Amino acid sequence: MWQALKRTADRLLDSVNRSLQRPQRRFPTAARVPSASRVPYGPLRRVLVTDGVAHTLFEEYASHRSAARGEEETGWVLLGLRDTEEAVVLATLPAGAEADSGVAHVRFNSEAQALAYRVVRQRDRRLTIVGVVHTHPGSLRHPSDGDYNGDSGWVAGLRGGEGVFGIGTADGPDASASLFAQQPRPNVQCLGDLRFSWYALGGGESDYRPLQLELTIGPDLARPLHPLWPTLEAHAKRIDRLYRQLTGVRFEAMCDEGGPGLMLTLPLADGGEAVCVLVRQKEVRYRVVRGGEPLAVDVNDDYVDRGVYQLLAELAGREDG
Amino acid sequence: MDFRPLNDLERRQLINALRGNAESDRAILMNRRDTGFAGAADEVPEEEVINAIRSVPCHY
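The rules behind these values
For every chain, the first residue of the written sequence is number 1, and numbering continues from 1 along that sequence. Chains carry letters and ligands carry numbers; both start at the beginning, A for chains and 1 for ligands, and go up in the order they are written. It should be noted that, the model being predicted, local features are given only for residues of pLDDT at least 70 and side-chain atom pairs only at 80 or more, the latter also being counted only at that level, while totals for whole chains, interfaces and linings use all residues. The side-chain quantities take in all heavy atoms of the structure and omit both hydrogens and water. Put simply, DSSP marks the helices as runs of H or I at least four residues long and the strands as runs of E at least two long, and each gets a number from the N terminus on. We call a residue buried when its accessible area falls under 20% of the maximum for its residue type, exposed when it is over 50%, and partly exposed in between, using a 1.4 Å probe and counting protein chains only. Contacts between residues were defined by any pair of non-hydrogen atoms, one from each residue, lying within 4.5 Å. The Shrake-Rupley method, run with a 1.4 Å probe, gives the accessible areas here. Residue values count only the displayed protein chains as cover. Only the six-membered ring of Trp is used, alongside the rings of Phe and Tyr, when aromatic pairs are assigned; centres must lie within 6.5 Å, and planes under 30 degrees apart are stacked while those over 60 apart are edge-to-face, with the rest tilted. These domain limits were set by an automatic method or by a database of domain assignments. Using a 1.4 Å probe, buried area is obtained as the accessible area two parts lose upon being combined, added over both of them. Salt bridges, as used here, are contacts in which a Lys or Arg side-chain nitrogen is within 4 Å of a carboxyl oxygen on Asp or Glu. Polar contacts here mean pairs of N or O atoms no more than 3.5 Å apart (in protein, one a potential hydrogen donor and the other a potential acceptor; neighbouring residues in sequence count only if both atoms are side-chain atoms). Each residue is assigned to one class: nonpolar for Ala, Val, Leu, Ile, Met, Phe, Trp, Tyr, Cys and Pro, charged for Asp, Glu, Lys and Arg, and polar for all the others, Gly among them. Two strands qualify as a pair provided that DSSP identifies no fewer than 2 bridges between them. An axis is simply a line fitted to the C-alpha atoms; with a helix, the fit covers only the stretch in contact. Between two such axes, the angle follows the N-to-C directions and lies from 0 to 180 degrees. The cut-offs work like this: below 35 degrees is roughly parallel, past 145 is roughly antiparallel, 65 to 115 is roughly perpendicular, and the gaps in between are oblique. By definition, any crossing whose near helix is turned counterclockwise from its far helix by less than a right angle is left-handed, and any crossing with a clockwise turn is right-handed.

Attention shifts here to the overall build of chain A. Check the secondary structure of chain A and you find six helices and 17 strands. The buried share of chain A, reckoned over its 321 residues, is 45%. Within chain A, counting contacts between residues at least 6 apart in sequence, those at least 24 apart form 64% of the total. As presented, chain A carries roughly 16,700 Å² of accessible surface, and 51% of it is formed by carbon and sulfur atoms.

Residues and elements named next belong to chain A. All told, the structure shown has seven aromatic pairs over all chains when counted by the stated rule. Ring centres of Phe58 and Phe196 lie 5.0 Å apart, and the angle between their planes is 80°; this geometry places the pair in the edge-to-face category. With Phe58 in helix α2 (residues 51-65) and Phe196 in strand β10 (residues 194-202), this pair connects stretches of sequence that are 138 residues apart. Using a relative accessible area of 7% as the deciding quantity, one classes Phe58 as buried. With a relative accessible area of 1%, Phe196 lands in the buried category. Geometrically, the ring pair formed by Tyr243 and Phe251 is stacked, given 5.6 Å between the ring centres and 25° between the ring planes. For Phe251, a relative accessible area of 7% corresponds to the buried category. Feature note: the residues Phe58, Tyr61, Trp76 and Phe196 constitute an aromatic cluster, connected by ring pairs.

All names here are of chain A. Taken domain by domain, chain A consists of domain 1 (3-222) and domain 2 (246-320). Taken together, the four residues of domain 1 in the interface contact four residues of domain 2. When domain 1 packs against domain 2, close to 370 Å² is buried across both sides, 60% of that on carbon and sulfur atoms. For the domain 1 face of the interface with domain 2, the top three residues by lost area are Leu115, Val119 and Gln122, together amounting to 92%. Counting across the domain 1 and domain 2 interface gives zero salt bridges. Run the count over domain 1 and domain 2 and you get one residue pair in polar contact (both at pLDDT 80 or more). Class assignment for the residues of the side of domain 1 that touches domain 2 results in two nonpolar, one polar and one charged.

The next point concerns unusual backbone geometry. Of note in the backbone geometry, Thr35 of chain B takes a positive phi value of approximately 60° without being a glycine. Inspection of the secondary structure puts Thr35 of chain B in the loop between β1 (28-30) and β2 (37-40).

Moving on, we come to the sheet that holds strand β15 (residues 274-280) of chain A. Residue and element names in this part refer to chain A. With antiparallel pairing, five strands are arranged side by side in an open sheet as β13-β14-β15-β16-β17. A single partner strand is all that each edge strand has here, and the edge strands are β13 (250-256) and β17 (293-297). Sheet twist, expressed as the mean angle between neighbouring strand axes with direction ignored, is 30°. Judged from the six bridges that link them, strand β14 (residues 259-267) and β15 form a sheet pairing that is antiparallel. Residue pairing for β15: Met263 is matched across the bridge by Leu278. Sheet contacts for helix α5 (residues 229-245): β13, β14, β15 and β16 (283-290); angle to β14, the most-contacted strand, approximately 5°.

All names here are of chain A. For the pair helix α3 (residues 110-121) and α5, interaxial distance at closest approach is 8 Å and the crossing angle is 65°. As summarised for this structure, α3 and α5 are arranged roughly perpendicular, according to the angle between their axes. Our pair here, α3 against α5, has a crossing hand that is left-handed. Note on element contacts: α5 touches α3 through Trp229, Leu232, Glu233, Ala236, Lys237, Ile239, Asp240, Tyr243 and Arg244, opposite Glu111, Ala112, Gln113, Leu115, Ala116 and Arg118.

What follows is about the pattern of salt bridges. Within this structure, the stated rule accounts for 29 salt bridges over all chains. The residue Glu214 of chain A makes a salt bridge to Arg46 of chain A at a minimum N-O spacing of 2.4 Å. Of this pair, Glu214 of chain A sits in strand β12 (residues 212-216) while Arg46 of chain A sits in strand β1 (residues 46-50), and the two are 168 residues apart along the sequence. Accessibility expressed as a relative area gives 27% for Glu214 of chain A, which makes it partly exposed. The exposure class of Arg46 of chain A is partly exposed, given its relative accessible area of 24%. Members of the salt-bridge network, linked through shared partners, are Glu111, Arg118, Asp240 and Arg244 of chain A together with Glu46, Glu47 and Arg54 of chain B.

Moving on, we get to the interface of chain B and chain A. At the interface, 28 residues of chain B touch 46 residues of chain A. On the surface where chain B and chain A come into contact, there are five salt bridges. The shortest N-O distance in the salt bridge between Arg54 of chain B and Asp240 of chain A comes to 3.5 Å. At the surface where chain B touches chain A, the tally comes to 15 residue pairs in polar contact (both at pLDDT 80 or more). For the side of chain B that touches chain A, the secondary-structure elements that each account for two or more residues are α1 (8-24) and α2 (46-54) of chain B. Looking at the side of chain B that touches chain A, the element that brings in the most residues is α2 of chain B, giving eight residues. For the side of chain B that touches chain A, the class distribution of residues is 13 nonpolar, five polar and 10 charged.

Here you go:
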């Protein structure tokens, strides 16, 4: 009897030990299981810029220089795709009229840029920030020491831990030969007297390195938003708050006889119904779409988020009635 | 018609893709030829980019 008891205890002990040694079954989570399509990032070897983006950079730089604040620095955030050894630039987000800028610095108006990113992301959810272009009023074609102090830490938050940096200067080789752009060096593109010089910087690197530039055919996905940038700057905080609080908000850049505007569509609970808000710099118009028919609504509120919630409250009250 | 159980890697990828679709509205890709599972779109989280945009340093 003693031996039988001992055998039973041994079996129980063995069972407990095996149970403890067995690999724990864990339900995989998104954080632990890598995506099959995750890109193994290496050092950037080139930046591929669409012709749409190149047009934007040269045209808006020329326009900036001829404007009242033309002596000040300006710039653009670059959106695109980060591949293994290259970045593809597909969209530009301008610094904005409310950027903090002078002859020796520029800090972008990031509120409008963040909202613009949300709009552009509707087209392609792979879009990320790949870098920044900014201008120097003089002839310094390389990022400054001050640029390095900020960029060297900032790139750690980018895909691949590396960023693309463009420097715009107005010291191109020949202002008269502006029929087409030239590329005197692999990392330099000139059109007339305007020049963009391209660099890459990775976390931990002691300096920027020249980055080969190549052009391809493609859009600037954010260009339709540029004419309504004053609208984005005026309403960005409230629209962004609305976007984060409500589900399914869609954006569309549009232009009619009243000028450029941003159309927000907020789906209602009943299928096919929606609240549509046309936002312009100094005007906000509200519509309710029912059965495919837009109904004008008289909401006198230029604060777009407050106007939407007033309208939703009114609609909810009518449902109860 | 070929029926076969998914191997361990395929099963984990499919579960991951379904989870991403349900929680983050992330697209599930389909093989055009045989309608098989072809992974999930390599989307970048929105707030990751928003944070990077808002933290762009001052340039000089």
